[in-house]
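Examination of the molecular architecture
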Amino acid sequence: MRILIIIPGTANFYCGGCIRDTALARALRKVGHDVVLQPLYLPLCTDEPDIENDAPIFFGGINVYLQQKVRLFRNTPRWIDKLFDSRWLLNLAAKKAGMTDASELGDMTVSMLAGEEGRQVKELHRFIAWMRHQEKPDVVLLSNGLLSGMAKAISQDLGIPVVCSLQGEDGFLDDLPEPFSKDAWRLMVENARYIDMFLPVSHYYAGVMKERMNLRPEQCVPVQNGISLDGYGDLNPIPETPVLGFLAHLFAAKGLDHLVDAFIRLKKQSEFNSLRLKIAGTMTNADEPFVEAMKKQLDEAGVLESVSFHPNITRKEKIELLKSLSVLSVPAAHEEAFGLYVIEAMAAGVPVVQPRSGGFPEIIERTGGGILYEPDDLDAYDSALTELLLQPEKAREMGVRGRESVFQYFTIERMTQEILPILERVRESKSTQ
């Protein structure tokens, strides 16, 4: 089967969606399928070692922005647009603060979701024309629902079935200022008519998006995430001194400020004199003021020397960092669709402490690899952290239990085996219409 996976590029930082989708592409190829990985907006940034990242880029981020803001650029010839699609310029633009900030992207998000009615219609027509001249895919897989504006053209103009992953769009859309948030959700519902199947990344998120997008039950099949286990190897020895860890985007929505507050509270207790905190994950220019504020807070509390920051680390560095932890906690403020970092930590034998919200309960209840606490209950949060940090053997036992479950179930191979029959069914259904 020939599968075209369309994924937003990030140029210079890793995101959970990128990690998931590139791992899926690699796994599909390993079982004999022809997979084309097509980046949009910016060059692809992936931690998969053998995934190409030199594919032509469509909907180049600079052109998309200019066409949104300036009428002139909606009619410029291709040779001018091509200049703005050069990789060095896109990589430079990717460093601009706010490129992923929902508060600044309302009008552009609505325009992209509007497809042929949007201001980037020239880019859509170019992409469809390119697809016409390629070997026809059997199915197109959209990385997320924010790409659904192109579904109508792919389905109707090219006659190709469209499958769409759902992985956390609600937080971004809800953060858009009005009237853009309302308009974007309306367009998501309209675009769903041209999508043959949705694949939410958790049972929790399936329920959320069925309701918010008016999806038919048979149109929405949850497939829980899996990860590549390459490089995880054997467990490290239990750390001699307790180490608390964070691995996610370094901004408020992931609750880094709540973890910093908890760390400061713990450090005031004599039994946590040696406690250390390692903070890792994606950091863009827009996140730097928040991170600096966290450092200032830690410094004023007199504990900054016990904290290390590790932004934008590689896959190898990520695994090494995870294996050095006693406990990982990402007290996300928003209800997460899944939380890939949870199973990454468990794969390294590290237990997690997470709020009882979003997709976390179904992961932890299945694995036994962590503790859930009620959101906004600071005492319960501190108690859960204390329980594992002061009982390293118990933490290791819980981490091993989680690791065994991840190796048995939360693998990219299992995820691929669940997705393939859905893609086959969609293809066969489209061919008989």
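For the structure given in this document, a descriptive report is provided here. (Residues numbered from 1 in each chain as written. Predicted model: local features only at pLDDT ≥ 70, side-chain atom pairs only at ≥ 80, totals over all residues. Heavy atoms only, no water.)

Applying the stated criterion across every chain, the model contains 10 aromatic pairs. Measuring from ring centre to ring centre gives 6.3 Å for Phe 59 and Phe 127, while their planes differ by 70 degrees; the resulting arrangement is edge-to-face. With Phe 59 in the loop between β2 (34-40) and α2 (61-69) and Phe 127 in helix α6 (residues 121-132), the pair connects residues that are 68 residues apart, well separated along the chain. Here Phe 59 matches Phe 127 in class, with each residue buried. Taken together, the aromatic side chains of Phe 58, Phe 59, Phe 127 and Trp 130 make up a single cluster linked through ring pairs. Positioned above the aromatic ring of Tyr 409, the side-chain terminus of Arg 366 is 3.5 Å from the ring centre. Geometry around Tyr 409 places Arg 414 over its ring, the cationic atom sitting 4.2 Å from the centre. (Phe/Tyr/Trp six-rings, centres within 6.5 Å; stacked < 30°, edge-to-face > 60°. Helix = DSSP H or I, 4+ residues; strand = E, 2+ residues; numbered from the N terminus. Buried < 20%, exposed > 50% of the residue type's maximum accessible area, 1.4 Å probe, protein only. Lys NZ or Arg CZ within 6 Å of the ring centre and 35° of its normal.)

Proximity of charged atoms lets side chains of opposite charge pair with each other. Tallied over the full model, the rule gives 22 salt bridges. One salt bridge connects Lys 295 with Glu 292, and the closest N-O pair in it is separated by 3.8 Å. With Lys 295 and Glu 292 both in helix α12 (residues 288-300), this residue pair falls three residues apart, about one helical turn. The class for Glu 292 is partly exposed, based on a relative accessible area of 46%. Each of the salt bridges in this network shares a partner with another, and the network as a whole consists of Arg 2, Asp 34 and Glu 135. (Salt bridge = Lys/Arg side-chain N within 4 Å of Asp/Glu carboxyl O.)

Among the structural elements, Glu 123 can be located in helix α6. It is Arg 126 that comes nearest to the buried, bridge-free Glu 123 among opposite-charge side chains, at 4.0 Å. Setting aside chain neighbours within four positions, we find Glu 123 in contact with Phe 59, Gly 60, Asn 63, Gln 67 and Asp 81. (Lys, Arg positive; Asp, Glu negative; His and termini not counted. Contact = heavy atoms within 4.5 Å.)

Turning to the nonpolar core, a few remarks are in order. Counting residues in each nonpolar core, the largest one holds 122 residues, and the members touching the most others are Ile 6, Phe 59 and Leu 328. One finds Met 1, Cys 18, Val 139 and Met 197 within the second-largest nonpolar core, a separate group that totals 26 residues. (Core = buried A, V, L, I, M, F, W, Y, C linked by side-chain atoms within 4.5 Å.)

Geometrically, the link from Glu 178 to Pro 179 is a cis peptide bond, its omega value of 10 degrees lying close to zero. Note that Pro 179 resides in the loop between α8 (169-175) and α9 (180-191). Located in the positive-phi region is Phe 59, a residue other than glycine, with phi close to 55 degrees. Given a relative accessible area of 3%, Phe 59 falls into the buried group. Although it is not a glycine, Asp 376 sits at a positive phi angle of roughly 70 degrees. Position of Asp 376 among the secondary structure elements: in the loop between β11 (370-373) and α16 (378-389).

With 12 residues, α16 should cover 16 Å at 1.5 Å per step; its first-to-last C-alpha distance of 16 Å lies within 8% of that length. Turning to α16, its buried residues are Tyr 381, Asp 382, Ala 384, Leu 385, Leu 388 and Leu 389. Looking down the long axis of α16, one finds its buried residues gathered within 160 degrees of arc, a one-sided arrangement. Buried residues along α16 sit against β6 (243-247), α11 (256-267), β9 (327-328), β10 (352-355), β11 and α17 (392-408). (Expected span 1.5 Å × (residues − 1). Arc of directions from axis to C-beta.)

Below, the discussion takes up the side chain of Lys 254. Here Lys 254 is to be found in the loop between β6 and α11. Engagement of the side chain of Lys 254 in a polar contact is seen with the side chain of Glu 336, the distance being 2.6 Å. When residues no more than four places from it in sequence are discounted, the contact partners of Lys 254 are Phe 246, Ala 248, His 249, Val 330, Pro 331, Ala 332, Ala 333, Glu 336 and Tyr 341. (Polar contact = N/O pair within 3.5 Å; in protein donor to acceptor, adjacent residues only side chain to side chain.)

Function cannot be inferred from these measures alone, as they are strictly geometric.
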